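Results of the structural survey
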Amino acid sequence: MTSRVGAAIDAAHAEGRGALVGYLPLGYPDLRTSIEAAVTLAANGADVLELGPPYSDPVMDGTIIQEATQAALAGGFRLRDVFPAVREIAERTGVPVLVMTYWNPVLQYGVDRYADELAAAGGAGLITPDITPDAAADWIAASERTGLDRVFLAAPTSTEERLEMIVRQSTGFVYTVSTMGITGERTELDAAARTLVGRLRAHGAERACVGIGISNADQVAGVLDYADGAIVGTALVRALRDGGLDGLAALARELRAGTARGAK
């Protein structure tokens, strides 16, 4: 099956620019506003949406995202809310919607059940930060059956053997971690990201998108000198927190402008 995420990235390239992947937590500051925020992000330049259901132990997330997800949980967000939210966002935007989720909620819900309901809702696939392809046989099978994309993470510390496996089993793109550690804004992105993308290309990666630490248009442009897409999360959550939907829209437009400057 054709990857909708891959097609969106390829369409951006056809326009002479890189892709913008935007992350927002579902349920923050409340479920309805989080849906409107995702629609706003798509309307103002995101090529791919990455939605994060709140999780009680977000080991990869920095302070701003942790605070947002804890607020969503305190506000009553439940796993069952994911699928109606994805459905509405997908229908209203036409932009591919990935769910970025820790693995335990998927496992508890049932891998096949989760895949079936996500596909039925119009979701494009999953980003799974805490499971590697060698431990994801059930998910790989379910994604192949349903046509969902599966996006695995590659880090600068990954061995060549692991990178080969990640490239072989990822669809849509490989999520390329620019730095070691938790998500958040950084003044400078590690040079390790550029090296890691080169290593992924050597293993045959068609698309590599870089995330963690990207917060402004200049950083987007810099990443897109060598990568296919730039993933922005913390800065967007901060914009939503501090400026509401208008603040989010303004930052999204700024980031989108960076994709043109960074196009190959």
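Everything numeric here is computed off the predicted structure, so don't read it as measured data. (Residues numbered from 1 in each chain as written. Predicted model: local features only at pLDDT ≥ 70, side-chain atom pairs only at ≥ 80, totals over all residues. Heavy atoms only, no water.)

**Section: helix 4 (residues 82-93)**
Along its twelve residues, helix 4 runs 16 Å from first to last C-alpha, staying within 8% of the 16 Å computed at 1.5 Å per residue. Among all positions in helix 4, only Val 82, Phe 83, Ala 85, Val 86, Ile 89 and Ala 90 are buried. Down the axis of helix 4, the buried side of the element spans an arc of 160°, and every buried residue falls inside it. Along helix 4, the residues that are exposed and aim more than 90 degrees away from the buried face are Pro 84 and Glu 91. Two residues or fewer after helix 4 comes Gly 94, characterised by a positive phi angle close to 75°. (Helix = DSSP H or I, 4+ residues; strand = E, 2+ residues; numbered from the N terminus. Expected span 1.5 Å × (residues − 1). Buried < 20%, exposed > 50% of the residue type's maximum accessible area, 1.4 Å probe, protein only. Arc of directions from axis to C-beta.)

**As for the layout of surface pockets**
Reported here for the second largest pocket is a volume of approximately 200 Å³. Pro 54, Tyr 55, Leu 73, Leu 79 and Pro 105 are the residues nearest the centre of the second largest pocket, which is lined by eleven residues in total. Broken down by class, the residue content of the lining of the second largest pocket amounts to eight nonpolar, two polar and one charged. (1 Å grid on protein atoms, 1.4 Å probe; cavity = no way out; pocket = protein on both sides within 12 Å on 5 of 7 lines; lining within 4 Å. Points joined across faces, edges and corners; volume = space filled by probe spheres on them. Nonpolar A, V, L, I, M, F, W, Y, C, P; charged D, E, K, R; others polar.)

**Structural notes on the packing of aromatic side chains**
Counted under the stated rule, the structure contains three aromatic pairs. Between Phe 83 and Tyr 109 the ring centres are 5.5 Å apart and the planes differ by 35°, which places this aromatic pair in the tilted class. Of the two residues, Phe 83 sits in helix 4 while Tyr 109 sits in helix 5 (residues 103-109), which places them 26 residues apart along the sequence. Judged on exposure class, the residue Phe 83 and its partner Tyr 109 are both buried. For the pair Tyr 109 and Tyr 114, a centre-to-centre distance of 5.8 Å together with 85° between the ring planes defines the contact as edge-to-face. Members of the aromatic cluster, connected to one another through ring pairs, are Phe 83, Tyr 109 and Tyr 114. (Phe/Tyr/Trp six-rings, centres within 6.5 Å; stacked < 30°, edge-to-face > 60°.)

**With respect to the pattern of salt bridges**
Applying the stated criterion across every chain yields a total of 17 salt bridges. Its salt-bridge partner being Asp 47, residue Arg 17 comes within 2.7 Å of it at the nearest N-O pair. Taken as a pair, Arg 17 in the loop between helix 1 (4-14) and strand 1 (19-25) and Asp 47 in the loop between helix 2 (31-43) and strand 2 (48-52) lie far apart in primary sequence, 30 residues in all. Overall, the relative accessible area of 11% leaves Asp 47 in the buried class. Between Arg 207 and Glu 206 there is a salt bridge whose closest N-O contact spans 3.8 Å. The exposure class of Arg 207 is buried, given its relative accessible area of 15%. Through salt bridges with shared partners, a single network forms among Glu 15, Arg 17, Asp 47 and Arg 256. (Salt bridge = Lys/Arg side-chain N within 4 Å of Asp/Glu carboxyl O.)

**Comments concerning unusual backbone geometry**
Each neighbour pair has its own omega, and for Tyr 28 with Pro 29 the value is -5°, a cis peptide bond. Mapped onto the elements of the fold, Pro 29 is located in the loop between strand 1 and helix 2.

**Considerations on the nonpolar core**
Within the largest apolar cluster, 72 residues are counted, with the highest numbers of intra-cluster contacts made by Leu 49, Tyr 114, Trp 139 and Leu 200. Looking at this core, the element that brings in the most residues is helix 11 (residues 234-261), giving nine residues. Apart from the residues lying within four places of it in its own chain, the contact partners of Leu 200 are Ala 154, Leu 163, Val 167, Val 174, Thr 176, Ala 205 and Ala 208. (Core = buried A, V, L, I, M, F, W, Y, C linked by side-chain atoms within 4.5 Å. Contact = heavy atoms within 4.5 Å.)

**A few points about the sheet that holds strand 6 (residues 153-154)**
Sheet architecture is open: nine strands sit in the order 5-4-3-2-1-9-8-7-6, paired in parallel fashion. Each edge of the open sheet carries a strand with a single partner, namely strand 5 (149-151) and strand 6. Pairing analysis gives three bridges linking strand 3 (residues 97-100) to strand 4 (residues 125-127), with the strands arranged parallel. Bridge pairing in strand 4 links Met 100 to Ile 127. Against the sheet, helix 2 engages strand 1 and strand 2, with an angle of about 170° to strand 1. (Pairing = 2+ DSSP bridges. Axes fitted to C-alpha atoms, helices over the stretch in contact; angles between N-to-C directions.)

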